[in-house]
Number of protein chains: 2
Amino acid sequence: MRVLGVDPGLTRCGVGVVEGVAGRPLTMRGVGVVRTPPDADLGHRLVGIEQGIERWLDEHEPEVLAVERVFSQHNVRTVMGTAQASAVAMLCASRRGIPVALHTPSEVKAAVTGSGRADKAQVGAMVTRLLRLDAPPKPADAADALALAICHIWRAPAQNRLQQAVALHASKGRTA
Amino acid sequence: MRVLGVDPGLTRCGVGVVEGVAGRPLTMRGVGVVRTPPDADLGHRLVGIEQGIERWLDEHEPEVLAVERVFSQHNVRTVMGTAQASAVAMLCASRRGIPVALHTPSEVKAAVTGSGRADKAQVGAMVTRLLRLDAPPKPADAADALALAICHIWRAPAQNRLQQAVALHASKGRTA
């Protein structure tokens with residue numbers, strides 16, 4: 001499974017591609033940041049995010065886009081930009097028929113470190129270890145994007161089993 | 001000036017086109033709602049919003065897109081969807097080189113009713129009167145989109161004078 005993880009943001013949108021399956025060593029295929037100038041107007045920044053995400057989709061052809069589920073409890077100043085950047089990333093993937101999966105920050109932290117309250121340094125350290133990198137990816141947004149992709153690969157089998165159980169239950173209900 | 005007003009939302013995204021200049025009677029060119037099913041996944045809903053906005057841009061070729069400035073203080077359940085739908089609308093316009101203008105809900109209410117704290121019925125009544133309609137546009141999202149467009153047409157001259165003053169001041173600063 002090849003997953004593009006996106007840590008959404010207008011100024012720095014982290015992107016990372018991880019390939020692998022749960023229970024086997026994972027491989028990083030790419031990592032980076034899509035940036036837009038803070039002094040540009042909002043519409044042009046969103047166009048910049050779109051162009052950047054499109055390039056990553058073109059180059060890596062991921063099967064899934066995993067993006068951080070944004071909560072409005074977060075910092076009031078940044079939450080709107082995060083929601084807007086994530087909307088553009090989801091739009092780009094869905095337009096191509098690529099499924100979008102959402103994971104909360106605590107799900108991502110728990111997946112890669114074992115604790116939903118781990119700090120950025122701990123996440124960066126585990127991403128480095130799990131992908132056998134020489135150093136933690138910089139900036140933190142890039143490491144977070146890789147963590148999202150890893151989280152998705154590891155959570156996907158459980159999520160698929162759950163969806164299959166729900167579908168089976170629904171089909172039994174219809175035939176009963 | 002032809003303005004497409006957008007009252008952003010995932011379930012109902014109000015759209016309305018108004019043509020005219022400040023100080024002259026205004027004309028409604030179109031009004032409606034772009035809807036997406038609440039049970040569809042978020043990515044597909046954003047694609048639905050994009051397709052709907054694109055159709056309105058194709059048909060009416062507005063010179064400006066006026067969209068509600070979203071605040072995160074609003075209802076926590078709906079604010080993320082509002083931010084995401086507005087991001088898609090702004091992206092569609094900016095991609096075509098159409099300028100995007102943001103107006104706060106109280107600016108819009110003050111422009112069309114004289115009070116920044118007017119209720120929906122009052123806004124609907126004034127939109128009906130100002131555009132010489134037979135009845136208030138339904139749903140309220142459609143009326144709000146028209147109010148946004150009217151607000152932009154009426155505020156634009158003041159905003160342009162302000163921008164010209166700032167530009168003049170800046171150029172004097174450079175030549176001094």
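Naming follows an unreviewed UniProt entry, where chain A appears as Crossover junction endodeoxyribonuclease RuvC of Streptomyces tabacisoli. In its Sequence similarities (unreviewed entry) section, UniProt records this for chain A: "Belongs to the RuvC family."

Caption draft 1: Molecular detail of the interface of chain A and chain B. Each partner contributes to the interface: chain A provides 22 residues, whereas chain B provides 22 residues. A buried area of about 1,800 Å², summed over both sides, lies between chain A and chain B, and 76% of it is on carbon and sulfur atoms. Summed over the shared surface of chain A and chain B, the number is two salt bridges. The closest approach of N and O atoms between B:Glu50 and A:Arg95, which form a salt bridge, is 2.5 Å. For the pair chain A and chain B, the interface holds four residue pairs in polar contact (both at pLDDT 80 or more).

Caption draft 2: Up close: the sheet that holds strand β3 (residues 27–35) of chain B. All names here are of chain B. Reading across the sheet, the five strands line up as β3-β2-β1-β4-β5 and stay open at both edges, with mixed pairing between neighbours. What marks the edges here is a single partner per strand, and that holds for β3 and β5 (100–103). In this sheet, neighbouring strand axes are inclined to one another by 20 degrees on average, regardless of whether the strands run parallel or antiparallel. Both strand β1 (residues 2–7) and strand β4 (residues 64–68) contribute to a ladder of four bridges, which runs parallel.

Caption draft 3: Expanded view of the pattern of salt bridges. Evaluation of the coordinates by the stated rule reveals 20 salt bridges over all chains. Two residues, A:Arg96 and A:Glu54, come together in a salt bridge whose shortest N-O distance is 2.5 Å. In this pair, A:Arg96 sits in the loop between α2 (76–95) and β5 (100–103) while A:Glu54 sits in helix α1 (residues 42–60), placing the two residues 42 residues apart along the sequence. Measuring nitrogen to oxygen at the nearest pair gives 3.4 Å for the salt bridge that ties A:Glu107 to A:Arg155. Of this pair, A:Glu107 sits in helix α3 (residues 105–113) while A:Arg155 sits in helix α5 (residues 140–175), placing them 48 residues apart in sequence. Shared partners join several salt bridges into a network, and the residues in it are A:Glu50, A:Glu54, A:Asp58, A:Arg95, A:Arg96, B:Glu50, B:Glu54, B:Asp58, B:Arg95 and B:Arg96.

Caption draft 4: Broad picture of α1(A). Residue and element names in this part refer to chain A. The end-to-end C-alpha distance of α1, which contains 19 residues, comes to 27 Å, matching closely the 27 Å that a straight helix rising 1.5 Å per residue would cover. What α1 keeps buried is the set Gly-43, Arg-45, Leu-46, Val-47, Ile-49, Glu-50, Gly-52, Ile-53, Glu-54, Trp-56, Leu-57 and His-60. Residue Asp-41 occupies the N-cap position of α1, its side-chain oxygen lying 3.2 Å from the main-chain nitrogen of Gly-43. Remark: Glu-61 follows α1 within two positions and exhibits a positive phi of approximately 40 degrees.

Caption draft 5: Fine view of the packing of α3(A) against helix α4 (residues 120–130) of chain A. Residue and element names in this part refer to chain A. Running from N to C, α3 and α4 cross one another at 50 degrees; their axes reach a closest spacing of 9 Å. One element, α3, and the other, α4, form an angle in the oblique class. Considering the relative orientation of α3 and α4, their crossing is left-handed. Across the interface between the two elements, Lys-109, Val-112 and Thr-113 from α3 touch Gln-122, Val-123, Met-126 and Leu-130 from α4. Considered class by class, the residues forming the contact of α3 with α4 number four nonpolar, two polar and one charged.

Criteria and cut-off values
Residues numbered from 1 in each chain as written. Chains lettered and ligands numbered in written order. Predicted model: local features only at pLDDT ≥ 70, side-chain atom pairs only at ≥ 80, totals over all residues. Heavy atoms only, no water. UniProt positions renumbered as here; feature names shortened; annotations may be inferred. Contact = heavy atoms within 4.5 Å. Buried area = accessible area lost by both parts, 1.4 Å probe. Salt bridge = Lys/Arg side-chain N within 4 Å of Asp/Glu carboxyl O. Polar contact = N/O pair within 3.5 Å; in protein donor to acceptor, adjacent residues only side chain to side chain. Pairing = 2+ DSSP bridges. Helix = DSSP H or I, 4+ residues; strand = E, 2+ residues; numbered from the N terminus. Axes fitted to C-alpha atoms, helices over the stretch in contact; angles between N-to-C directions. Expected span 1.5 Å × (residues − 1). Buried < 20%, exposed > 50% of the residue type's maximum accessible area, 1.4 Å probe, protein only. Parallel < 35°, antiparallel > 145°, perpendicular 65-115°, else oblique. Left-handed = near helix turned anticlockwise from the far one by under 90°. Nonpolar A, V, L, I, M, F, W, Y, C, P; charged D, E, K, R; others polar.

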